Amino acid sequence: MKVFVIGKGGREHALAWKIAQSFYVDELFCFPGNAGIAEIAKIPEIADDSVESLLDFAIRESIDLTVVGPEDYLAKGIVDAFEAKGLRIFGVNRKAAQLESSKAFAKEVMKTAGIPTAAYSTVTDFESGNAVLKASKYPLVLKADGLAAGKGVIICSTYEEAQNELSQMLGGKFKSAGTKVVIEEFLKGEELSLLLLTDGTNVKPLLFSQDHKALNDGDTGLNTGGMGAYTPVASGTSELYEKVDKTVTQPLLTELKKRGIEYRGILYIGLMVVKNEPYVLEYNVRFGDPETEPLMYMLISDIVPYFYAVAGKDSSAAADNATMPLFTSIEAMPELVWRSGYGMCVVMASGGYPEAYEKGKVISGLDDVDKNCVVFHAGTKSDESGNILTDGGRVLMVTSHGKTIEEAIENTYRNVGKIKFEKMYFRHDIAHREAERKQNADKNR
Ligand code: AMP
Ligand code: GLY
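Residues numbered from 1 in each chain as written. Chains lettered and ligands numbered in written order. Predicted model: local features only at pLDDT ≥ 70, side-chain atom pairs only at ≥ 80, totals over all residues. Heavy atoms only, no water.

A.B. asks: Just checking my understanding: could you explain the site of ligand 2 for this structure?
C.D. replies: Neighbouring residues of ligand 2: Asp211, Lys213, Gly225, Tyr268, Asn284, Arg286, Gly288, Asp289, Pro290 and Glu291. The separation between an oxygen atom of ligand 2 and a polar side-chain atom of Asn284 is 3.4 Å. Contact between ligand 2 and Arg286: an oxygen atom at 2.8 Å from a side-chain N or O atom of the residue. When isolated, ligand 2 has an accessible area of 200 Å², and the protein chains bury 90% of it. When its residues are assigned to classes, the shell around ligand 2 shows two nonpolar, three polar and five charged. (Near = heavy atom within 4 Å. Polar contact = N/O pair within 3.5 Å; in protein donor to acceptor, adjacent residues only side chain to side chain. Areas by Shrake-Rupley, 256 points an atom, 1.4 Å probe, with all protein chains shown as cover. Nonpolar A, V, L, I, M, F, W, Y, C, P; charged D, E, K, R; others polar.)

So this is what it looks like as structure tokens:
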């Protein structure tokens, strides 16, 4: 098969890395890509990353399967456009992408389906919003309705702060993403990510994982796209999974079907577990970043037949050409198989991120990491002399493994220590909750 990955972050590097190992894949392309992806996939010449240009390329190259990383392409309807031309593409269609691209829509769907989530109101003008703020308890959460590159959620500790934030959001701080604002009850608990492969009816879960959204050690400082992640999570028990399936996943899939929304792709459920009960904080319609890096590292199963089956809608020749039969539905496919132990990644970022930062710093030590460590690239590029340079806020996701969480932490940070670039920044406590859980369990034994 010829496979085409769309995106340029650590998530897409991890997906491309896993896809490149597939039995079924002869040729792998990625666009826009980055310096790390360029080592394992071809970066084609494409004029720009518009849906039209990407579609032209896929038709020209007779791509058998396209895999979409980021949500903005999905929200723009890239899947609808590819499918209209008979191309097989892994990702959700435009209607389904609303689950992420409109928080007000997601909340309304959850309310109708009776899915546990924080109490909320949706407002479009300051006066009615202010009335809600006045009557609320603090802290309180304000969310710009639309896509705001992960920056649209603000936790406000006082009424004054909330008033100020609400007026800024409605006043255009996040452009049109903030014309509607969701005002939401603050939930206190442990945050977990659960990603599912689904064709809208059948579900294949990935392991529970945990991101670290805050910039600094001890979960303090600004909210970021994620500073590190690990998988599995001990609190993500099979009992919790069953609860989520019963109270969140199944009601959601049923509700989407009722609305005539076909959901094929990844369903990312952002959970807050409060006293053992799962509440949905958000849905994403794509793989999480950086959760995907340790998840792909830990996955033993070949992911490509799963993508292929979930993407459905066949008109390509890949099924006939493959030397082994490919499944056309995930219903009959085995559960995903995982390595034992823990996988984790630490994000190495440019100093200043998520606010202003510099680019173009030479990265050293990439070739010195241990054999079983994989450094996924996010914001990197290479120059003419073959140096790898920083080219974004989140630069590298250093990913490794251990039989225990302590061993995973030690292995990962040992490799982080080998990599250097000017003004690099990373958290020192990724997976701290799991390490503390383990210490407490050891103490009580
Ligand atoms: P979201 O983009 O909705 O995931 O929000 C970003 C982050 O804000 C989440 O990962 C949580 O850490 C936090 N957050 C969002 N909603 C709530 C809530 N209702 N209660 C507490 N924290 C929240
Ligand atoms: N890791 C959080 C996200 O991908 O949205």
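A.B. asks: Can you help me understand helix H14 (residues 432–443) in this one?
C.D. replies: Residue pairs three or four apart in sequence face the same way in an α-helix, which turns once every 3.6 residues. Compared with the 16 Å implied by 1.5 Å per residue over twelve residues, the 16 Å span of H14 between its first and last C-alpha is a close match. Buried within H14 we find His432, Glu434 and Ala435. Angular distribution of buried residues about the axis of H14 spans 165 degrees; they occupy a single face of the element. Looking at the buried positions of H14, the neighbouring elements they touch are strand S14 (228–231), strand S17 (342–350) and helix H13 (405–416). (Helix = DSSP H or I, 4+ residues; strand = E, 2+ residues; numbered from the N terminus. Expected span 1.5 Å × (residues − 1). Buried < 20%, exposed > 50% of the residue type's maximum accessible area, 1.4 Å probe, protein only. Arc of directions from axis to C-beta. Contact = heavy atoms within 4.5 Å.)

A.B. asks: Please clarify how the site of ligand 1 should be interpreted in this entry.
C.D. replies: With respect to spatial proximity, 15 residues lie near ligand 1, and among them Glu184, Leu187, Glu191, Lys213 and Glu282 are the closest. Residue Lys143 places a side-chain N or O atom 3.0 Å away from a nitrogen atom belonging to ligand 1. At a separation of 2.9 Å, a nitrogen atom of ligand 1 approaches a polar backbone atom of Glu185. Contact with the protein chains removes 92% of the 470 Å² of surface that ligand 1 exposes when unbound. Looking at the shell around ligand 1, its residues break down into seven nonpolar, one polar and seven charged.

A.B. asks: Any chance you could explain the nonpolar core here in plain terms?
C.D. replies: Membership of the largest hydrophobic core comes to 76 residues, with the highest contact counts inside it found for Ile78, Leu99 and Tyr283. Sort the elements by how many residues they give to this core and helix H9 (residues 238–258) lands first, with seven residues. Residues within four places of Ile78 in sequence aside, it is in contact with Ile6, Val51, Leu54, Val68, Tyr73 and Ile89. Judged by nonpolar contacts, the second largest core, of 46 residues, contains Ala14, Ala16, Cys30 and Leu65. (Core = buried A, V, L, I, M, F, W, Y, C linked by side-chain atoms within 4.5 Å.)

A.B. asks: Just checking my understanding: could you explain the packing of aromatic side chains for this structure?
C.D. replies: Two aromatic rings, taken as a pair, are described by how far apart their centres are and by the angle between their planes. Overall, the coordinates contain eight aromatic pairs when judged by the stated rule. Pairing Phe90 with Phe307 gives two aromatic rings, centres 4.3 Å apart and planes at 40 degrees, and the pair type is tilted. Of this pair, Phe90 sits in strand S4 (residues 89–90) while Phe307 sits in helix H11 (residues 304–311), placing them 217 residues apart in sequence. Accessibility assignment for this pair places Phe90 and Phe307 in one class, buried. (Phe/Tyr/Trp six-rings, centres within 6.5 Å; stacked < 30°, edge-to-face > 60°.)

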